[in-house]
Amino acid sequence: MKNLILLATVLLCNVNLFAEEYDYFTFTRADGSEVTLPAIGLKITFNNGMITAINGQETQTVSLANINSMYFSNVAGIRKILSSDNAINVSNHQLFVTSKKGADITVTNMLGMVVCRCVSTSDNEQAVGGWLPEGVYIVKIDDQTLKVMVK
């Protein structure tokens, strides 16, 4: 019996345990919009019914009552890139944004680096950011965050 316990102890002590690593943290709001942040350096806090996610580049604070789901993944989800006020079209590695005149537009890559920051000059579609390599980008138009894949 002692030998069996000793053998089980040795086996359990030699088992390599590790935490799974994820690249992105995503939460889905009650209105169906998603927010995805790179998980590297991510800090999540809960306070007074609010969740705050900070990754060093961006801070998102949302009421827990307005969140349908949240999860970590190795793939950033991609949704249709249309809303009531804004639209994004990708063509030949370039982003074309339709938004209201004066809207603040920020394009960020998945490493959290700002690729382009500008202000919309018209209510019509306009090119934003120049040529972009393949990848997933976060486009923030005023207070709305959308994801787009360039391929």
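Residues numbered from 1 in each chain as written. Predicted model: local features only at pLDDT ≥ 70, side-chain atom pairs only at ≥ 80, totals over all residues. Heavy atoms only, no water.

1. Points about the environment of Thr98
Positionally, Thr98 belongs in strand 8 (residues 94–98). Note: C-alpha distance between Thr98 and Asn124 (26 residues apart in sequence) is 5.6 Å. (Helix = DSSP H or I, 4+ residues; strand = E, 2+ residues; numbered from the N terminus.)

2. Things to note about the confidence of the model for the chain
Looking at the chain, the pLDDT average stands at 79 and 81% of residues meet or exceed 70. Of the regions scoring below 50 in pLDDT, residues 76–80 engages in 13 contacts with residues more than four places distant in sequence or in other chains. (pLDDT = per-residue confidence, 0-100. Contact = heavy atoms within 4.5 Å.)

3. Quick notes on the pairing of strand 5 (residues 59–63)
The alternating pattern of strand 5 places Gln60 and Val62 on a buried face and Thr59, Thr61 and Ser63 on a face that is not buried. Inspection of the sheet shows strand 4 (residues 50–54) paired to strand 5 by 5 bridges, in the antiparallel sense. Counted as the bridge partner of Thr52 is Thr61 from strand 5. From the end of strand 4 to the start of strand 5, which pair antiparallel, there are 4 residues, and Gly56 there has a positive phi angle of about 95 degrees. (Buried < 20%, exposed > 50% of the residue type's maximum accessible area, 1.4 Å probe, protein only. Pairing = 2+ DSSP bridges.)

4. Some remarks on the nonpolar core
Core analysis: the biggest nonpolar cluster contains 15 residues, and Ile88, Leu95, Val107, Val139 and Ile141 have the highest contact counts within it. Breaking this core down by element, the ones donating at least two residues are strand 8, strand 9 (104–109), strand 12 (135–141) and strand 13 (144–150). If you look at the next biggest cluster of nonpolar residues, it comprises 9 residues, including Phe25, Val35, Ala53 and Ile67. (Core = buried A, V, L, I, M, F, W, Y, C linked by side-chain atoms within 4.5 Å.)

5. Notes on unusual backbone geometry
Of note, Asn48 is a non-glycine position whose phi angle comes to about 50 degrees, a positive value. Within the secondary structure layout, Asn48 lies in the loop between strand 3 (43–47) and strand 4. Its identity as a non-glycine residue notwithstanding, Asp142 has a phi of 50 degrees, on the positive side. Among the structural elements, Asp142 can be located in the loop between strand 12 and strand 13.

6. Quick word on the environment of Thr26
Here Thr26 lies in strand 1 (residues 24–29). Along the sequence, Thr26 and Ala53 sit 27 residues apart, while their C-alpha atoms lie 10.0 Å from each other. Thr26 has contacts with Glu34, Val35, Thr36, Ser69, Met70, Tyr71 and Lys147, leaving out every residue within four places of it along the chain.

7. Comments concerning the sheet that holds strand 4
With respect to topology, 3 strands assemble into an open sheet ordered 3-4-5, the strand pairing being antiparallel. Bordering the open sheet on either side are strand 3 and strand 5, each of which pairs with just one other strand. Adjacent strand axes in the sheet meet at a mean angle of 15 degrees when their direction is disregarded. By the bridge criterion, 5 bridges tie strand 3 to strand 4 in an arrangement that is antiparallel. Each residue of the ladder has a partner; that of Phe46, found in strand 4, is Ile51. (Axes fitted to C-alpha atoms, helices over the stretch in contact; angles between N-to-C directions.)

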